[in-house]
Amino acid sequence: LAHQHDSCNRLHDDDLELAEEAPLIARTADDDALSRTSPSIRGSAVSNGDSNAAASATHQSKGELSLMKVRYAIEVVLITAVYMTVGPALILVNKRIMSDYGFPYPIAISALGQLSSYLFCVLCFRVLRTHTRVMSEHVTWPFYVANMGVVGAASAGSIALGQGAYLYMSVAYIQMLKSLGPVVTSCCLVGFGVERPSRALLGCVLMISAGAALASYGELHFSAYGTSMMLMSTCCEALRLVLTQKLVVNLKFPALEGLYYYSPITAAWMLLASLALELPAMVSTHRTGSELAPAAIVAAHWVDFALAAVLGVLVNTSSMLMVKYTGAVALKLLATARNAALVLFAVLVVGEPTTLTQVVGYAFASCFFVLYVYVKSSDGNELMPCRRYCSNSC
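Residues numbered from 1 in each chain as written. Predicted model: local features only at pLDDT ≥ 70, side-chain atom pairs only at ≥ 80, totals over all residues. Heavy atoms only, no water.

Participant: Could you clarify how one ought to interpret the confidence of the model for the protein chain in this entry?
Facilitator: Caution applies to low-pLDDT parts of the model: their predicted coordinates are not meant to be read in detail. Taken as a whole, the protein chain shows an average pLDDT of 76; of its residues, 75% reach a score of 70 or greater. When pLDDT is averaged over each element of the protein chain, helix 3 (residues 106–127) comes out on top at 91 and helix 15 (residues 385–393) at the bottom at 41. Under a pLDDT of 50 for its full length, residues 1–47 has, in the predicted model, three contacts with residues more than four places off or in other chains. A low-confidence stretch, residues 381–394 stays under pLDDT 50, and its non-local contacts, those more than four residues away or across chains, total 22 contacts. (pLDDT = per-residue confidence, 0-100. Helix = DSSP H or I, 4+ residues; strand = E, 2+ residues; numbered from the N terminus. Contact = heavy atoms within 4.5 Å.)

Participant: Any chance you could explain the pattern of salt bridges here in plain terms?
Facilitator: For side chains bearing opposite charge, pairing can occur when the charged atoms are close. Under the definition given, this model contains three salt bridges. A salt bridge links R71 to E75; its shortest N-O distance comes to 3.2 Å. Here E75 and R71 lie together in helix 2 (residues 39–100), a separation of four residues that amounts to about one turn. On the accessibility criterion, E75 (24% relative accessible area) is partly exposed. When the shortest N-O distance is used, the salt bridge between R240 and E237 registers 2.8 Å. Of this pair, R240 and E237 are both found in helix 8 (residues 224–250), three residues apart, which corresponds to roughly one turn of the helix. By relative accessible area, which is 27% here, E237 ends up partly exposed. (Salt bridge = Lys/Arg side-chain N within 4 Å of Asp/Glu carboxyl O. Buried < 20%, exposed > 50% of the residue type's maximum accessible area, 1.4 Å probe, protein only.)

Participant: What is the right way to read the nonpolar core from this model?
Facilitator: If you look at soluble globular proteins, the nonpolar side chains tend to sit buried side by side. I97, F103, M169 and Y372 are the most contacted members of the largest nonpolar core, which totals 43 residues. Counting residues per element, the ones that place at least two in this core are helix 2, helix 5 (171–177), helix 7 (199–217), helix 12 (302–325), helix 13 (327–350) and helix 14 (356–378). Y372 has contacts with P182, S186, L201, C204, V205 and I208, leaving out every residue within four places of it along the chain. Core analysis: the next-biggest nonpolar cluster, separate from the first, contains 18 residues, M148, L256, Y260 and I265 among them. (Core = buried A, V, L, I, M, F, W, Y, C linked by side-chain atoms within 4.5 Å.)

Participant: Is there a simple way to explain the layout of surface pockets in this structure?
Facilitator: Remark: the empty space left among the atoms is shown by a probe the size of a water molecule rolled over them. Considered as a void within the structure, the second largest pocket measures approximately 320 Å³ in volume. Looking at the lining of the second largest pocket, the elements that each hand over two or more residues are helix 3, helix 4 (141–164), helix 8 and helix 9 (255–277). (1 Å grid on protein atoms, 1.4 Å probe; cavity = no way out; pocket = protein on both sides within 12 Å on 5 of 7 lines; lining within 4 Å. Points joined across faces, edges and corners; volume = space filled by probe spheres on them.)

Participant: Where do I start with the environment of K178 in this structure?
Facilitator: Relative to the assigned elements, K178 resides in the loop between helix 5 and helix 6 (181–191). Taking the C-alpha atoms as reference points, K178 and Y362, 184 residues apart in sequence, are found 10.0 Å from one another. Not counting residues within four places of it along the chain, the set of residues in contact with K178 comprises I91, Y166, M230 and N339.

Participant: Teacher, can you tell me more about unusual backbone geometry here?
Facilitator: Excluding glycine, most residues fall at negative phi; most peptide bonds, likewise, are trans. You will see that R129, though not glycine, has its phi angle at about 55°, which is positive. Note that R129 resides in the loop between helix 3 and helix 4. You can call R129 exposed: its relative accessible area is 65%.

Participant: Would you take a moment to explain the environment of M135 for this structure?
Facilitator: Relative to the assigned elements, M135 resides in the loop between helix 3 and helix 4. With a relative accessible area of 13%, M135 lands in the buried category.

Participant: Help me understand the side chain of S233 in this model?
Facilitator: Secondary-structure assignment places S233 in helix 8. Among the polar contacts made by the side chain of S233, one reaches the main-chain carbonyl oxygen of S158 at a distance of 2.6 Å. (Polar contact = N/O pair within 3.5 Å; in protein donor to acceptor, adjacent residues only side chain to side chain.)

Participant: Is there a simple way to explain the packing of helix 3 against helix 9 in this structure?
Facilitator: The description of two helices packed together rests on the angle between their axes and the distance between the axes. Between helix 3 and helix 9, the least distance of the axes is 8 Å, while the angle of their chain directions is 150°. Overall, the two elements helix 3 and helix 9 adopt an arrangement that is roughly antiparallel. Both helix 3 and helix 9 take part in a crossing whose hand is left-handed. Grouping the amino acids of the contact of helix 3 with helix 9 by side-chain chemistry returns 17 nonpolar, six polar and two charged. (Axes fitted to C-alpha atoms, helices over the stretch in contact; angles between N-to-C directions. Parallel < 35°, antiparallel > 145°, perpendicular 65-115°, else oblique. Left-handed = near helix turned anticlockwise from the far one by under 90°. Nonpolar A, V, L, I, M, F, W, Y, C, P; charged D, E, K, R; others polar.)

Participant: Would you take a moment to explain the packing of aromatic side chains for this structure?
Facilitator: What describes a pair of aromatic rings is the distance from one ring centre to the other and the angle between the planes of the rings. Tallied over the entire structure, the rule returns ten aromatic pairs. On the basis of an interplanar angle of 80° and a centroid distance of 5.0 Å, the ring pair of Y168 and Y225 is categorised as edge-to-face. With Y168 in the loop between helix 4 and helix 5 and Y225 in helix 8, this residue pair connects regions lying 57 residues apart in the sequence. Overall, the relative accessible area of 52% leaves Y225 in the exposed class. Measuring from ring centre to ring centre gives 4.9 Å for F364 and F368, while their planes differ by 55°; the resulting arrangement is tilted. Of this pair, F364 and F368 both sit in helix 14, four residues apart, which is roughly one turn of the helix. The class for F364 is partly exposed, based on a relative accessible area of 33%. F368 gets classed as partly exposed once you look at its relative accessible area, which sits at 22%. Directly above the aromatic system of Y83 lies the positively charged group of R338, at a separation of 4.4 Å from the ring centroid. (Phe/Tyr/Trp six-rings, centres within 6.5 Å; stacked < 30°, edge-to-face > 60°. Lys NZ or Arg CZ within 6 Å of the ring centre and 35° of its normal.)

Put into structure tokens, the structure is as follows:
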């Protein structure tokens, strides 16, 4: 009886072991059966899941790429609209403040825009922290004085002298004189040894100069003082462009970070010039207690001054974003179209007098400016960011 009991226990234990090993045996049998099948059947069985996953990933990536392109197109349209409107709006607001309200202090008004731009950069870098300063370790005091100080001085001269020209000349004629920008810029680039222009480029520069001279000849209210201020402003702007190209392109400086560093030094140069040239007139006018005192004008028209500050920020940021999204070529063409639109607005809406000689000279200079941009871009030096964006996305 004891022997039979032990045999029954052993049989029961063997049954339990077989029951536990049954799933493993079944899985092994399935694997053996799969291994005995043909390689093509095995490959299709394995690749079925992979192909479904790959198709799903490809469909998802195409959808994301289409969404990115749509978002990019919307951003370009919005930034272009802002760029095309804020520049002329700032010119007209500053012109009204200086001429209509009797506030003939262009340097102080220009410093207001630079200070507001610096406050905007501080808000982005230090308060909201939407951007980081990647070049902060390289910006030492000797570097700041040697680079940002010179760029700030050139920018201050360009903006302040350009604003002061509106006190003596019409808006339309000043926009016509701005067509001389490529001429002076090319001279500075050649003088600094940055580039050697081709014969076609030199021909375009000469034709632009001829058109600007014809527009100046047809000006009804020609002012030698105002024209000299505008030409000096153009020279300072060309110098600023050359130095900025060295700073931003060659030294790999981000555009907004460059604005963060050179806007305060630009404002400082403007404030020094305003203290030396405009403060005595402000103090003497303030002592009279008249309505033309600077403090009284600011208090009476503070909305216009606040609008000028906001538009100054938008002009700087929209120009930076236009370079990022469309490139230098499209920026030059849009700037030419914007100046032409402002000329038409000043003549047709504001009613500024313009002669046929001026119109012909400005149209001649504008046509050769477009040809200048085409010749310069055909050299391969200026690549559209939309092309770089599409290649990076693909």
